[in-house]
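# Structural characterization, general
Residue strings, one per chain:
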Amino acid sequence: MQHDDVDSLRRSSAAWRLLRADTAPLVLSFLGTLFVEDNVRAIPESELVARLDDHLWAVDGRAARASGTEPRYPRAPQAYVDHWTHPDQGWLRAWYPPGSAEPHYDATPAVEQAVRWVASLRGRGFVGTESRLNTVFELLRQLAVGTQTDPAERLRELEERRAAIDDEIAQVRAGRVAVLDAAAQRDRYQQLTQTAADLLSDFREVEANFRSLDRELRERITGWDGAKGELLEEVVRSRTAIAESDQGRSFHAFYDFLLDRRRQEEFAALVDRVQSLDAIAPDVVRPAPGTPGPVVDAAAQAAAREQEHRRLRRVHYDWLDAGERTQATVRTLSEQLRRFLDDQVWLENRRVMDILRGVEAKALAARDVARAAGRAGAPPGMPVDAVAPEVVLPTERPLFTPRPTARLDSDHVEVGDDDFEVDALYDQVHVDPERLARTVRATLSRPGGPGEVALADLLAEAPLEHGLAELVTYLSLEDPRFVVVHDDERTDEVRWEGEAPAGPVAEDGAPDPVVRVARLPRVTYARRTSGSPPGEPPARHPDARPDAVPDPSPEETP
């Protein structure tokens, strides 16, 4: 033990402050009896103050009134409770249970430590060492065997244990039964009661450690400045770390052991059987060497024995109660942590809503300013090229790929050997544009004609012979004697008979013709006047109707 460590404990340990306090006898006697011996885990403030008032009267008030002297503890019970709960002392923990407006109190682990240390100062009538030595050897054996990975070594250990058990069975069958003597019984019973009491007192320290881990997690959440996903990941990792820590795994294993009904019944039966032994008796409290002490009579020893037996018979129920309170503490901490995170999210959502409302208010103010400026002149503003930037990355442009050229070599043409159908090579349609142009000129040059003709009327007189190919040629005619006028606002229908698709035929073997229809913008052919240059529509008289055309001139015979 280092000097600096001891000095740090003297300044920071709540248990050390309790032992140095002037009211240490009052604190240890009252809190030790209530929270340690009676195993009270939560008590309302009114009941705690009332019990402390009774205790003060029993300890100091009656004697001070009888003698007329000043009491050793003159403060009010409520003042003592507030003083012990203050963070500078740290001997009581106060909290408000859900649904209660009255604070509840529980002792801190510092009170447990101080009570155990003061109790260890008392002299004991019997100090056993054999059972603790056996415990040390048994723990060493469990560590050595439990960590052995060599199967041969594990088998050797198990065979040795089986041989020892077989030898003991043989001794019992032979009538030689080894029985613990009275000293060994008292030794083991003393260790049993001490271990049970220490185990019960450890629950407060385990609960305090859980609260400390939760407090550190809350501090980390409060100062968090990263992303929400990282915070939630940190929270889950921290809660898992609490449950998977050595203390957490040990506590859960112990609690699962207690919840076993068969184990509880076995424990109660073993305690009743052990306490019925004649050698089991409470320790005789002896004063420390060199100091006078009270003389304990037989009645006091019997009362102490009965109290100790009663406490041991109910210790497993106290374990269950303390374990359940520790589990409830962990559940409460988890629920409070969830509400804490919900509050943080609510605050962030509220901040976002405040920002949005601020943006809306500024937008409305800008609208009012724009309206006022619009009445006076040009409203304020600035031109924007686009509502979103257009991003064009150089790497998105494809690389240049040269188009392959096919080279034809007709100098070395060879005649093939395979026979194939050559009809498709000669089955070609040729439309003569000059023939179609003569048809248009002949229609326009009729005596007394209007000088213009629609394509639909022209095809009604001279039907299409080559279908769609001939119709496309009509649309692309160019001639110096007439112009082609397209009117996209009106449409015409052109019909012609085409070849039937492949399928069933008539009884005479000839397929039925199919009428095909094409809808296209109105196309009109108008005769060009002598003064109109090529490429311009014919001139019209100012008084003529819009749909009238000039008188045709005699067509020159080609």
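## Focus: the overall build of the protein chain
For the protein chain, the helix and strand inventory stands at 18 helices and eight strands. Buried positions account for 25% of the 558 residues belonging to the protein chain. For the protein chain, the proportion of contacts with a sequence separation of at least 24, taken over those separated by at least 6, is 69%. For the protein chain, the accessible surface area stands at approximately 39,800 Å², while carbon and sulfur atoms represent 55% of it.

## Quick look at the pattern of salt bridges
For the coordinates displayed, the defined rule picks out 16 salt bridges. Put simply, D7 and R10 hold a salt bridge, and the shortest N to O gap is 3.3 Å. Placement of both D7 and R10 in helix 1 (residues 3-12) is noted, with a separation of three residues, approximately one turn of the helix. Residue D7 is classed as partly exposed on the basis of its relative accessible area, which comes to 25%.

## Examining the packing of helix 3 (residues 24-37) against helix 6 (residues 109-120)
Axis separation between helix 3 and helix 6 bottoms out at 10 Å; the angle between their running directions is 110 degrees. In terms of orientation, helix 3 and helix 6 fall into the roughly perpendicular class. On helix 6, the residues touching L28, L31, G32 and V36 of helix 3 are V111, E112, A114, V115 and V118. In terms of residue class, the contact of helix 3 with helix 6 is made up of seven nonpolar, one polar and one charged.

## What about the sheet that holds strand 2 (residues 92-95)?
Taken together, three strands build an open sheet; the order of strands is 1-3-2 and the sheet is antiparallel. Unpaired on one side and paired on the other, strand 1 (43-44) and strand 2 mark the two borders of the sheet. When strand 1 meets strand 3 (residues 104-107), the two strands line up antiparallel, connected through two bridges. Bridge assignment links I43 to a residue of strand 3, and that residue is Y105. With respect to the sheet, helix 3 is in contact with strand 1, strand 2 and strand 3, its orientation differing from that of strand 3 by roughly 95 degrees.

## Things to note about the packing of aromatic side chains
By the definition in use, this model includes three aromatic pairs. Pairing Y80 with W84 gives two aromatic rings, centres 5.9 Å apart and planes at 40 degrees, and the pair type is tilted. Separated by four residues within a single helix, Y80 and W84 lie in helix 5 (residues 77-85), roughly one turn from each other. Taking relative accessible area as the criterion, Y80 reaches 3% and is therefore assigned buried. The exposure class assigned to W84 is buried, which follows from its relative accessible area of 1%. Between the aromatic rings of F482 and Y525, the centroid separation amounts to 5.8 Å while the plane-to-plane angle is 85 degrees, which identifies the pairing as edge-to-face. Residue F482 is located in strand 7 (residues 482-498), and its partner Y525 is located in strand 8 (residues 514-527); the two are separated by 43 residues in the primary sequence. One exposure class covers both F482 and Y525, and it is buried. Through successive ring pairs, a cluster of aromatic residues spans F30, Y80 and W84. The aromatic ring of W95 is capped on one face by R93, whose charged end is 4.2 Å from the ring centroid.

## Considerations on a nonpolar patch on the surface
A contiguous nonpolar patch, built from L133, V136, F137, L140 and L143 and spanning about 500 Å² of accessible area, is present on the exposed surface. One can find L133 in helix 7 (residues 130-146). Judged by its relative accessible area of 48%, L133 falls in the partly exposed class.

## What to know about the sheet that holds strand 7
One open sheet holds the three strands; their spatial order is 6-8-7, and the pairing between them is antiparallel. With one partner strand each, in any of the chains shown, strand 6 (452-454) and strand 7 form the two edges of the open sheet. Strand-to-strand twist in this sheet, taken as the mean axis angle between neighbours without regard to direction, amounts to 25 degrees. Its contacts with the sheet place helix 18 (residues 468-475) against strand 7 and strand 8, and it is angled at close to 15 degrees to strand 8.

## Here we look at the packing of helix 16 (residues 433-444) against helix 18
At a minimum axis separation of 10 Å, helix 16 and helix 18 run at an interaxial angle of 65 degrees. Crossing hand, helix 16 versus helix 18: right-handed. Each of P433, R435, L436, T439 and V440 in helix 16 lies in contact with helix 18, whose residues at this interface are E470, T473 and Y474. When its residues are assigned to classes, the contact of helix 16 with helix 18 shows four nonpolar, two polar and two charged.

## Comments concerning helix 18
Residues of helix 18 that are buried: E470, L471, T473 and Y474. The arc that holds the buried residues of helix 18, viewed along the axis, is 160 degrees, so those residues lie on one side. Elements that come into contact with the buried residues of helix 18 comprise helix 16, helix 17 (455-461), strand 7 and strand 8.

## Some words on the pairing of strand 8
Pairing of strand 6 with strand 8, which is carried by three bridges, proceeds in the antiparallel orientation. When the bridges of strand 8 are listed, E452 appears paired with A526. Summarising the sheet, strand 7 and strand 8 pair through 14 bridges and their orientation is antiparallel. Looking at the pairing, R495 lines up with V517 of strand 8.

## Remarks on the side chain of E45
In this structure, E45 sits in helix 4 (residues 45-67). R75 provides the closest opposite charge to the buried, salt-bridge-free E45, at an N-O distance of 13 Å. Among the polar contacts made by the side chain of E45, one reaches the side chain of Y105 at a distance of 2.9 Å.

## Some details on the environment of R310
Considering the arrangement of structural elements, one finds R310 in helix 13 (residues 298-313). In sequence terms R310 and Q275 are 35 residues apart; their C-alpha atoms lie 9.9 Å from each other.

The rules we used
Residues numbered from 1 in each chain as written. Predicted model: local features only at pLDDT ≥ 70, side-chain atom pairs only at ≥ 80, totals over all residues. Heavy atoms only, no water. Helix = DSSP H or I, 4+ residues; strand = E, 2+ residues; numbered from the N terminus. Buried < 20%, exposed > 50% of the residue type's maximum accessible area, 1.4 Å probe, protein only. Contact = heavy atoms within 4.5 Å. Areas by Shrake-Rupley, 256 points an atom, 1.4 Å probe, with all protein chains shown as cover. Salt bridge = Lys/Arg side-chain N within 4 Å of Asp/Glu carboxyl O. Axes fitted to C-alpha atoms, helices over the stretch in contact; angles between N-to-C directions. Parallel < 35°, antiparallel > 145°, perpendicular 65-115°, else oblique. Nonpolar A, V, L, I, M, F, W, Y, C, P; charged D, E, K, R; others polar. Pairing = 2+ DSSP bridges. Phe/Tyr/Trp six-rings, centres within 6.5 Å; stacked < 30°, edge-to-face > 60°. Lys NZ or Arg CZ within 6 Å of the ring centre and 35° of its normal. Patch = residues over 30% accessible without salt bridge, like charges linked within 9 Å, V, L, I, M, F, W, Y side chains within 5 Å. Left-handed = near helix turned anticlockwise from the far one by under 90°. Arc of directions from axis to C-beta. Lys, Arg positive; Asp, Glu negative; His and termini not counted. Polar contact = N/O pair within 3.5 Å; in protein donor to acceptor, adjacent residues only side chain to side chain.

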